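# Secondary and tertiary structure notes
Take a look at the letters that make up each chain.
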Amino acid sequence: MVAKFTVLLTFLLLASCSYLPHVIYRIDVQQGNVVTDEMLEKLKPGMTKSQVLFVLGSPLIIDAFRDNRWDYVYLFREKGDLVEQKRLTLFFDNDILINIEDYMNFSKEETAKQKPAQTPPEKEENAPENGGQK
């Protein structure tokens, strides 16, 4: 009877540790590509893939079906909780950088705001709308 009680008490004590999230030590984990502001300043549209590799290093994700997109992803978990998540997506056309989507500012305190893709401004036509009649 005492042995069963001891086993039951030990099991309950071990199981209760899962309900105390920060009592057990958990290491801080950094995963992915670290992209600094200095690296982003050097990145310009019109660069070749080899120049981008020199500035940022190898991307974490290269799409196997579309070789014109590279993703640089960074995650930081502190004590098991996601604290910081950053993403940088680069688009290429004929091995030339054409578009940069920068989602590098997400942290636990802020909500992630999606930015639209950067597109060149459209040319305004000077033609009158009513066919030249006044």
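Check the entry above for the structure.
Residues numbered from 1 in each chain as written. Predicted model: local features only at pLDDT ≥ 70, side-chain atom pairs only at ≥ 80, totals over all residues. Heavy atoms only, no water.

### Regarding the overall build of the protein
A count of helices and strands for the protein gives three helices and five strands. Counting helices and strands in the order they occur from the N terminus, the protein gives α-β-α-α-β-β-β-β. Counting the 134 residues in the protein, one finds 22% classified as buried. Look at the contacts in the protein between residues 6 or more apart in sequence, and 41% of them connect residues 24 or more apart. Within the structure as shown, the protein displays about 11,000 Å² of accessible surface, and the carbon and sulfur contribution to it stands at 57%. (Helix = DSSP H or I, 4+ residues; strand = E, 2+ residues; numbered from the N terminus. Buried < 20%, exposed > 50% of the residue type's maximum accessible area, 1.4 Å probe, protein only. Contact = heavy atoms within 4.5 Å. Areas by Shrake-Rupley, 256 points an atom, 1.4 Å probe, with all protein chains shown as cover.)

### A look at the packing of aromatic side chains
Enumeration over the complete set of coordinates arrives at one aromatic pair. The lysine or arginine in question, Lys-49, covers the ring of Phe-92, its NZ or CZ lying 5.4 Å from the ring centre. (Phe/Tyr/Trp six-rings, centres within 6.5 Å; stacked < 30°, edge-to-face > 60°. Lys NZ or Arg CZ within 6 Å of the ring centre and 35° of its normal.)

### Remarks on a nonpolar patch on the surface
Residues Phe-5, Leu-9 and Leu-13 make up a contiguous nonpolar surface patch of roughly 320 Å² in combined accessible area. Note on placement: Leu-9 falls in helix H1 (residues 2-16). (Patch = residues over 30% accessible without salt bridge, like charges linked within 9 Å, V, L, I, M, F, W, Y side chains within 5 Å. Salt bridge = Lys/Arg side-chain N within 4 Å of Asp/Glu carboxyl O.)

### Focus on the side chain of Asn-33
Mapping Asn-33 onto the fold places it in the loop between strand E1 (29-32) and helix H2 (37-42). Assessed through its relative accessible area of 13%, Asn-33 is described here as buried. Beyond its immediate stretch of four places on either side in the chain, Asn-33 contacts Ser-58, Pro-59, Leu-60, Asp-71, Tyr-72, Val-73 and Tyr-74.

### Brief notes about the side chain of Asp-71
Inspection of the secondary structure puts Asp-71 in strand E3 (residues 69-78). Under the relative-accessibility criterion, Asp-71 is labelled buried at 8%. Polar contacts involving the side chain of Asp-71 include one to the side chain of Arg-69, which spans 3.1 Å. Among residues more than four places away in sequence, those in contact with Asp-71 are Asn-33, Pro-59, Leu-60, Ile-61, Leu-88 and Thr-89. (Polar contact = N/O pair within 3.5 Å; in protein donor to acceptor, adjacent residues only side chain to side chain.)

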